[in-house]
Amino acid sequence: ISRVFANVSYSMIGDLDTAERFITEGVEVAQSDCPPFVLALCQANAVQYLLYRGRLAEASRTNDELLGVYQQIGMTDGEQWWGAIAMTIALVEGSVGDLADAAGQLAEQYPAASAWRCTHALTLAEAGRLDEAREVVAQFALNHPERFCRDELVLSAWAYVGVLALRLDDPRLGEAAEAVLRPYEQLWVSLQIYNWGPVTWMLATAVAAQGRYDEADLLFAHTDDLLAERGLALHRNLLALYRATALARSESTALRRQARDLAIAGAENSGQLGLDRMRQHFDDLLGSIPRP
């Protein structure tokens, strides 16, 4: 279990190689002399490294196999582990909006977990159900950081809020998210079972929601450099979608042209990666951006 949390700690500073080494050791140790739930916990934390290498089908298959293990050993929160991993897979595939209702059900099962409320709101927004997403924000005070529990997932919860602000085009929500995230911009957002990338990513979306597009683009560019250094192709593809979405709202002709270029490249890249839903998102975005 100490290796599980060493994995999380190194993940939060972006050292994914060391993080993977710890969780690999954890799986090996757990296979030899640990209760079944410890092995299952280690294995759940290891699935993410398949995603980082673009092995989506294997990650999905492994996650489904682990759900069977959780059920067999009576792991009471196994469904939450499975659901969280399924949503990260859907996120990079471009289908996370399809899981909005499932995210809402999990949020009801774990009402004290602010991260699940934020996940529900974000998935609703990704599904285009913007009014419902706004209702979740209002009902659970997701724009009030002082009301969040201070636990190890609070940073991931506010990372969701930062992206949600862009999706909802909500300057006040962006301002609230920026206030929480700004002190941690040197860190990465580890959800324990997945690393979404540098905090600068979510800062970029929060800043863009406030209409500061030039500043946001600098944060997006810095984030892309960090992802490229680690070879995280799926992350970079998703980042490009949010970056293009943000810049398309600018009044700057140059930034809107850049948004078009990002959308064109993103659609082509998604096709090469076999991500049909992501390609459609880029194509839809491209169709909404006026030609210069």
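Preceding this paragraph is the structure being described.
Residues numbered from 1 in each chain as written. Predicted model: local features only at pLDDT ≥ 70, side-chain atom pairs only at ≥ 80, totals over all residues. Heavy atoms only, no water.

Asks: Explanation requested: the side chain of H235 in the structure shown.
Replies: With respect to the element layout, H235 can be found in helix 14 (residues 233–247). Look at H235 and you get buried, because its relative accessible area is 2%. Once you skip the residues sitting within four places of it in the chain, H235 turns out to touch Y52, Y194, N195, W196, G197, W201 and L227. (Helix = DSSP H or I, 4+ residues; strand = E, 2+ residues; numbered from the N terminus. Buried < 20%, exposed > 50% of the residue type's maximum accessible area, 1.4 Å probe, protein only. Contact = heavy atoms within 4.5 Å.)

Asks: I keep staring at empty space enclosed by the protein and nothing clicks. Help me out?
Replies: One water molecule sets the probe size; rolling that probe over the atoms shows where empty space is left. Scanning the entire structure with this criterion turns up 2 cavities of 30 Å³ or more. The computed volume of the largest cavity comes to approximately 70 Å³. In terms of lining residues, the largest cavity is bounded by L91, G94, V96, G97, E126, R167, L238, L241, Y242, M278 and H281. Of all the elements in the fold, those that place two or more residues in the lining of the largest cavity are helix 14 and helix 16 (276–288). With 3 residues, the single largest contributor to the lining of the largest cavity is helix 14. Tallied by class, residues from the lining of the largest cavity come to 6 nonpolar, 3 polar and 2 charged. Considered as a void within the structure, the second largest cavity measures approximately 30 Å³ in volume. Every residue lining the second largest cavity is listed: T253, R256, R257, R260, P290, R291 and P292. (1 Å grid on protein atoms, 1.4 Å probe; cavity = no way out; pocket = protein on both sides within 12 Å on 5 of 7 lines; lining within 4 Å. Points joined across faces, edges and corners; volume = space filled by probe spheres on them. Nonpolar A, V, L, I, M, F, W, Y, C, P; charged D, E, K, R; others polar.)

Asks: Explain the packing of aromatic side chains here, please?
Replies: The description of two aromatic rings rests on the distance between their centres and on the angle between their planes. Counted under the stated rule, the structure contains 6 aromatic pairs. Both rings, one in Y49 and one in Y52, keep their centres 5.2 Å apart while their planes meet at 90°; by these two values the pair is edge-to-face. With a gap of 3 residues between them, Y49 and Y52 both fall in helix 4 (residues 48–52), about one helical turn apart. With relative accessibility at 4%, the residue Y49 sits in the buried group. Each ring, one from W196 and one from W201, has its centre 5.9 Å from the other, and the planes form 55°; the classification is tilted. With respect to burial, W196 and W201 carry one shared label: buried. Ring-pair connections join several aromatic residues into one group, and the members of that group are Y160, W196, W201 and Y242. The cationic tip of R21 hangs over the ring face of F22; the distance from NZ or CZ to the ring centre is 4.8 Å. In this structure, R117 packs its charged tip against the face of F140, placed 3.9 Å from the ring centre. (Phe/Tyr/Trp six-rings, centres within 6.5 Å; stacked < 30°, edge-to-face > 60°. Lys NZ or Arg CZ within 6 Å of the ring centre and 35° of its normal.)

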